[in-house]
Amino acid sequence: MSAICSHLGSVELTELPAEIAGCEDCLAIGGTWVHLRMCQTCGRIGCCDSSPHRHASAHARRVGHPIVRSAESGEDWSWCYLDNVAFVVTRP
Ligand SMILES: [Zn+2]
Ligand SMILES: [Zn+2]
Ligand SMILES: [Zn+2]
């Protein structure tokens, strides 16, 4: 499935941290979120595009980290904001 995204080289992290407090930017401003995403380049936790502030995609645009994964329990899919495609990153 990797052929559909050309940015897999930016993936540094595949596993979620043991504890996730919430969207880092929302926590800082007292905002709320719907679902959480983790940047797979730097590990930043952000909120999804269904959330009011859309911090995950804002982070992707701002710093150029295109791929996030779901930080919801039981979900292991990733998403590339540049290719607008979902896939599952498997460890080599
Ligand atoms: Zn991509
Ligand atoms: Zn947020
Ligand atoms: Zn990042």
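Here goes a summary of the coordinates provided.

About the cut-offs
Residues numbered from 1 in each chain as written. Chains lettered and ligands numbered in written order. Predicted model: local features only at pLDDT ≥ 70, side-chain atom pairs only at ≥ 80, totals over all residues. Heavy atoms only, no water. Buried < 20%, exposed > 50% of the residue type's maximum accessible area, 1.4 Å probe, protein only. Helix = DSSP H or I, 4+ residues; strand = E, 2+ residues; numbered from the N terminus. Pairing = 2+ DSSP bridges. Donors = N, O, S within 2.8 Å, 3.2 Å for Na, K, Ca; no water. Tetrahedral: all angles 85-135°; square planar, octahedral: opposite > 155°, others 65-115°.

So, on to the pairing of strand β3 (residues 67-70). Side chains I67 and R69 of β3 all project onto a buried face; the interleaved residues V68 and S70 project onto the opposite face, where all are buried too. Relative to β3, strand β1 (residues 36-39) runs antiparallel, the two sharing 3 bridges. Directly across from C39, in β3, lies its bridge partner V68.

Attention shifts here to the coordination of the zinc ion (ligand 2). In this structure, C23 (SG), C26 (SG), C47 (SG) and H55 (ND1) serve as the protein donors to the zinc ion (ligand 2), at separations of 2.0 to 2.3 Å. Each of the 4 donor atoms bound to the zinc ion (ligand 2) contributes to angles spanning 102 to 115 degrees, and the resulting shape is tetrahedral.

Turning to the coordination of the zinc ion (ligand 1), a few remarks are in order. Taken together, C5 (SG), H7 (ND1), C80 (SG) and D83 (OD) make up the protein donors of the zinc ion (ligand 1), found 1.9 to 2.3 Å from the metal. Considering all 4 donor atoms around the zinc ion (ligand 1), the spread of angles at the metal, 100 to 122 degrees, places the coordination shape in the tetrahedral class. Read N to C, the donor residues that coordinate the zinc ion (ligand 1) are spaced as C-x1-H-x72-C-x2-D. Of the two residues, C5 is situated in the segment before α1 (24-29) and C80 in strand β4 (residues 78-80); the sequence distance between them amounts to 75 residues. Each member of the pair, C5 as well as C80, carries the same accessibility label: buried.

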